[in-house]
Amino acid sequence: MQSNNSLSGIPITAETPKASMRLHWQRRALQWFTIAVAILIPAAGLFRIDPMAGAFVVLDRQIWWSDFFLVFGFWLVLASGAVLLYSTVGTAFCGWSCPQNSLSEWANYLTQKLLGKRAELSLDGEKMKVGANKNKWSNWAILGISFLAAAMLFALIPLFYFYPPAVVWSFIAFQQDARLAGSLHFIYFVFVAVIFLDIAFIRHFWCRFMCIYKVWQHGFKTQHTLHIAYDSSRSALCEKCNYCATQCFLELDPKSTDIYDTCINCGECITACNSLQAKQGQPGLLRFKIGDRDATRFALLKTRLSSLSSRVHWTMPFALLGISMFVWGLVSYERFHLAVYRADTMHGPQISDYRVAVSNKIYDSAVVDISVDGLDSSLYQFDLAQARFNDVGRIDLQLHIKDGLPPGIHSFLVIASAPDGWQDRYRVQHFVASK
Ligand code: SF4
Ligand code: SF4
């Protein structure tokens, strides 16, 4: 009865049949938007991974793991935002954004259209029933070809995260490109096979039984997290109706959802009931609700505010720390990197050669001058005086220390400098053994 009290306080208005579909179309728009964003982020150069350098690439800048403040700050902000999101809207990401769910829904829709309403794969092991008038080879062929085309298209998306768009195009057009990995066609074939199997057979089995990410999101759900509320005061209307449950692709009963069930807050059950009741000029019996499942109206507002403030309270310090680290990482980001190593070539116990490694972290040409401070110029020699980059990458210069230094430790600096004012120094302790 308590839940009836709380729901009776919510202002309810009936929608026209067309308006009752609004939630459904909003969700479809967000699902497509997510897929578009997943392609645009790497294609526009906002983020990708350079597998050769083992680095992230943001706006044509390599971000190394050693750019600690940028990497850690970013993940801290992301993790804090995610925790706040999961505890507020639960698994809504799955229902409104996840490409796996979007593809599965599309596959269900196409299967129903081509093979009949009861041809959908059942999560409860029920055999699929193909409509007698739809069981034609042409329908099966269209279905198979559509699934294969979708798999081939979606398998291209991960490539954008590892290669610039021009290289992905070379791959699609079968053009020779030295930047393409030799095994890429095989990797792509594996991706296509996995996505095809997923679309054709796995679909929502993944969401319901296998998705680790969903389990992770579940860990942050509480009594107050977004869920489906049911107006049980009008339950008489449900006696001869089960429409909402038939529309739930996770085969739940939306009238009695639980905190830790598999509901993904997609809202299709709400749309179903709204459309049904709109024909009678009545509001639907289902709606989204944030707050205690059994609270009265006043208690609901109170719990919403206190639960939100407690979540913000403990996630905010992490978010602020992450933002500060990220900003500092941006300010202190260095385009070049200098390191000096002992060269592999050794002449007995005496080390006379060093490898000066200069890296350019931006995908553009650059010149870095190298010099030594603390040694007379007659006592050392570089094989190259400058590191000239045509693109991002690393250039190794050989530094040879000539004979003539007395035995003992000699400290000197290797200095790298660029025309934009960047400079870095690396101290070397050079040991000369007594003869
Ligand atoms: S669609 Fe609405 S009326 Fe029908 S069973 Fe579901 S909640 Fe009840
Ligand atoms: S119960 Fe409703 S919101 Fe939850 S998964 Fe099923 S249709 Fe979507």
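This text follows the structure it describes.
Predicted model, so just to flag it, every value in this text is computed and none were measured. (Residues numbered from 1 in each chain as written. Chains lettered and ligands numbered in written order. Predicted model: local features only at pLDDT ≥ 70, side-chain atom pairs only at ≥ 80, totals over all residues.)

Draft legend 1. The arrangement of the site of ligand 2 in detail. Within the structure, ligand 2 sits among 14 residues, and Cys248, Pro254, Cys263, Cys266 and Cys269 are positioned closest to it. Grouping the amino acids of the shell around ligand 2 by side-chain chemistry returns nine nonpolar, four polar and one charged. (Near = placed C-beta within 6 Å. Nonpolar A, V, L, I, M, F, W, Y, C, P; charged D, E, K, R; others polar.)

Draft legend 2. Quick peek at the site of ligand 1. Near ligand 1 the following residues occur: Leu237, Cys238, Cys241, Asn242, Tyr243, Cys244, Lys255, Ala272, Cys273, Leu276, Leu285 and Leu286. Among the elements of the structure, α12 (243-247) and α13 (268-278) are those that each provide at least two residues to the shell around ligand 1. Sorting elements by how many residues they give to the shell around ligand 1 places α13 first, with three residues. Grouping the amino acids of the shell around ligand 1 by side-chain chemistry returns ten nonpolar, one polar and one charged. (Helix = DSSP H or I, 4+ residues; strand = E, 2+ residues; numbered from the N terminus.)

Draft legend 3. Layout of the nonpolar core. By size, the foremost hydrophobic cluster in this structure holds 20 residues, and its most contacted members are Ile228, Cys269, Cys273 and Leu286. Among the secondary structure elements, those contributing two or more residues to this core are α4 (92-96), β4 (227-230) and α13. If we skip the residues at most four places from it in the chain, Cys273 touches Tyr243, Cys244, Gly284, Leu285 and Leu286. (Core = buried A, V, L, I, M, F, W, Y, C linked by C-beta atoms within 7 Å. Buried ≥ 20, exposed ≤ 12 C-beta atoms within 10 Å, placed from the backbone. Contact = placed C-beta atoms within 7 Å.)

Draft legend 4. Broad picture of the sheet that holds strand β11 (residues 393-401). In space, the four strands of this open sheet follow the order β6-β7-β11-β9, with antiparallel pairing throughout. The outermost strands of the open sheet, each flanked by one partner alone, are β6 (336-342) and β9 (380-382). The average undirected angle you get between the axes of adjacent strands in this sheet is 20°. (Pairing = 2+ DSSP bridges. Axes fitted to C-alpha atoms, helices over the stretch in contact; angles between N-to-C directions.)

Draft legend 5. Molecular detail of the packing of helix α5 (residues 99-115) against helix α6 (residues 137-154). Following both chains from N to C, one finds α5 and α6 inclined at 165°, their axes separated by 9 Å at the closest point. One way to sum up the angle between α5 and α6 is to call them roughly antiparallel. Pair α5 / α6 crosses with right-handed handedness. Note on element contacts: α6 touches α5 through Asn139, Ile142, Leu143, Ser146, Phe147, Ala150 and Phe154, opposite Leu103, Ala107, Leu110, Thr111, Leu114 and Leu115. Among the residues making up the contact of α5 with α6, the classes are represented as ten nonpolar, three polar and no charged. (Parallel < 35°, antiparallel > 145°, perpendicular 65-115°, else oblique. Left-handed = near helix turned anticlockwise from the far one by under 90°.)

Scope: geometric values only; no functional claims are made or implied.
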